[in-house]
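One-letter residues, chain by chain:
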Amino acid sequence: GIQVEQSPPDLILQEGANSTLRCNFSDSVNNLQWFHQNPWGQLINLFYIPSGTKQNGRLSATTVATERYSLLYISSSQTTDSGVYFCAVDVGDDKIIFGKGTRLHILP
Amino acid sequence: EPEVTQTPSHQVTQMGQEVILRCVPISNHLYFYWYRQILGQKVEFLVSFYNNEISEKSEIFDDQFSVERPDGSNFTLKIRSTKLEDSAMYFCASSGDREMDIQYFGAGTRLSVL
């Protein structure tokens, strides 16, 4: 089956810094989503981005489907950005496959 | 914005007991899903449901698990006889279209089996 790999596994940054999270996938996908899991465990959908670039405030994402990767950019990090960021891909067979996530710690 | 609602937010049960986790998907959605996340691990697919039947299930979804859409709004996951290793966060999701639509996730139910 498809493999979804996220890097780095852990990232510690000072408040105000910028960060780039990466998601590589091993096969063609129909859809790709980025999620933020907050400290209470809730999954918050950030982007639905099978290809191209999208921006939402301080967050933006780019997926290059032909090269099988996606990037999530967080600018001017805030402590509330802390949590785990998951990439998840849909290959069209009724389920989405999650990566193992990047755990982000933003220090005040 | 419409959302997927899950209840309860936290369920504590004794090993061997039956539990039912409840979900109210987005009202015009047709596809429903359950996922599981053991603490500290990634989110894993359990089952998908369409047109009142299971369309796909993972190897995790054994005979102890069942799903049901008892009425027009609820979608439930039942664990018949809970085990310690069933302790996890359970997420419900729904989508309007299988291939092209985003899956919207609920906030999750944390199941603790003692």
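Everything that follows concerns the structure shown earlier in this document.
Residues numbered from 1 in each chain as written. Chains lettered and ligands numbered in written order. Predicted model: local features only at pLDDT ≥ 70, side-chain atom pairs only at ≥ 80, totals over all residues. Heavy atoms only, no water.

Peer 1: Which parts of the structure should I look at to understand the overall build of chain B?
Peer 2: In terms of regular secondary structure, chain B is built from zero helices and 11 strands. Counting helices and strands in the order they occur from the N terminus, chain B gives β-β-β-β-β-β-β-β-β-β-β. For chain B, the spread of C-alpha atoms along the principal axes amounts to about 40 × 30 × 25 Å. The proportion of buried residues among the 114 residues of chain B is 44%. (Helix = DSSP H or I, 4+ residues; strand = E, 2+ residues; numbered from the N terminus. Buried < 20%, exposed > 50% of the residue type's maximum accessible area, 1.4 Å probe, protein only.)

Peer 1: Looking at this model, I keep getting lost on the interface of chain A and chain B. Mind explaining?
Peer 2: By a frequent convention, interface size equals the accessible area lost on bringing the separate parts together. Residue-level contacts link 21 residues of chain A with 21 residues of chain B. When the two sides are added together, the surface that chain A and chain B hide from each other amounts to roughly 1,800 Å², 51% of it contributed by carbon and sulfur. The salt bridge involving A:Lys95 is made with B:Glu56; its shortest N-O contact spans 2.7 Å. Summed over the shared surface of chain A and chain B, the result is four residue pairs in polar contact (both at pLDDT 80 or more). (Contact = heavy atoms within 4.5 Å. Buried area = accessible area lost by both parts, 1.4 Å probe. Salt bridge = Lys/Arg side-chain N within 4 Å of Asp/Glu carboxyl O. Polar contact = N/O pair within 3.5 Å; in protein donor to acceptor, adjacent residues only side chain to side chain.)

Peer 1: So what exactly am I meant to see when it comes to the side chain of A:Ser60 here?
Peer 2: Of note, A:Ser60 is situated in strand β7 (residues 59–64). The buried category is assigned to A:Ser60, whose relative accessible area is 15%.

Peer 1: Would you explain the side chain of A:Ser70 in this entry?
Peer 2: Residue and element names in this part refer to chain A. Mapped onto the secondary structure, Ser 70 falls in strand β8 (residues 69–74). Owing to a relative accessible area of 0%, Ser 70 belongs among the buried residues under this scheme. Within the structure, Ser 70 has its side chain in polar contact with the side chain of Trp 34 (distance 3.0 Å). Looking at Ser 70, its side chain comes within polar contact range of the main-chain oxygen of Thr 62, at 3.1 Å. Setting aside anything within four residues of it in sequence, one finds Ser 70 in contact with Leu 21, Arg 22, Cys 23, Phe 25, Leu 32, Trp 34, Ile 49, Thr 62 and Thr 63.

Peer 1: Please clarify how the state of the cysteines should be interpreted in this entry.
Peer 2: Taken as a whole, this structure holds two disulfides over all chains when the rule is applied. Sulfur-sulfur distance for the disulfide between A:Cys23 and A:Cys87 comes to 2.0 Å. What sets the handedness of the A:Cys23 and A:Cys87 disulfide is the S-S torsion sign, and at about -55° it is left-handed. Placement of A:Cys23 in strand β3 (residues 19–25) and of A:Cys87 in strand β9 (residues 83–90) is noted, with a sequence separation of 64 residues between them. Looking at A:Cys23, the relative accessible area reads 0%, which means it is buried. Across a sulfur-sulfur distance of 1.9 Å, B:Cys23 and B:Cys92 are joined as a disulfide pair. Taking the sign of the S-S torsion, -65° for the link of B:Cys23 and B:Cys92, the bridge is left-handed. Of this pair, B:Cys23 sits in strand β3 (residues 19–24) while B:Cys92 is found in strand β9 (residues 88–95), placing the two residues 69 residues apart along the sequence. (Disulfide = S-S within 2.5 Å.)

Peer 1: Teacher, can you tell me more about the pairing of β8(A) here?
Peer 2: A regular strand places its side chains on the two faces of the sheet in alternate fashion. Residues and elements named next belong to chain A. By the criterion of burial, β8 is predominantly enclosed, with five of the six residues buried. One ladder, built from six bridges, connects β3 with β8; its direction is antiparallel. In the sheet register, Asn 24 faces β8, and the bridge partner there is Tyr 69. The pairing of β7 with β8 spans six bridges and is classified as antiparallel. Paired with Ala 61 across the bridge in β8 is Leu 72. Where β7 hands over to β8, the hairpin turn is made up of four residues, of which Arg 68 adopts a positive phi near 60°. (Pairing = 2+ DSSP bridges.)

Peer 1: Help me out: how do you make sense of the packing of aromatic side chains in this one?
Peer 2: Two numbers describe a pair of aromatic rings. These are the distance of the centres and the angle of the planes. Inspection of every chain in the model, using the stated rule, returns 14 aromatic pairs over all chains. Seen in terms of ring centroids, A:Phe35 and B:Phe105 are 5.1 Å apart; in terms of plane orientation they differ by 75°. Their pairing is edge-to-face. Separated into two different chains, A:Phe35 in strand β4 (residues 31–37) and B:Phe105 in strand β10 (residues 104–105) make up a pair that spans both. Judged on exposure class, the residue A:Phe35 and its partner B:Phe105 are both buried. (Phe/Tyr/Trp six-rings, centres within 6.5 Å; stacked < 30°, edge-to-face > 60°.)

Peer 1: When you look at unusual backbone geometry in this model, what are you seeing that I'm missing?
Peer 2: Most of the time, phi is negative for any residue but glycine, and the peptide bond is trans. Cis geometry is found at the peptide bond from A:Ser7 to A:Pro8, where omega equals -10°. Mapped onto the elements of the fold, A:Pro8 is located in the loop between β1 (4–7) and β2 (10–14). Geometrically, the link from B:Thr7 to B:Pro8 is a cis peptide bond, its omega value of -10° lying close to zero. Of note, the phi angle at A:Arg68 is positive, near 60°, even though the residue is not glycine. Residue placement: A:Arg68 occurs in the loop between β7 and β8. Given a relative accessible area of 32%, A:Arg68 falls into the partly exposed group.

By themselves these figures say nothing about function.
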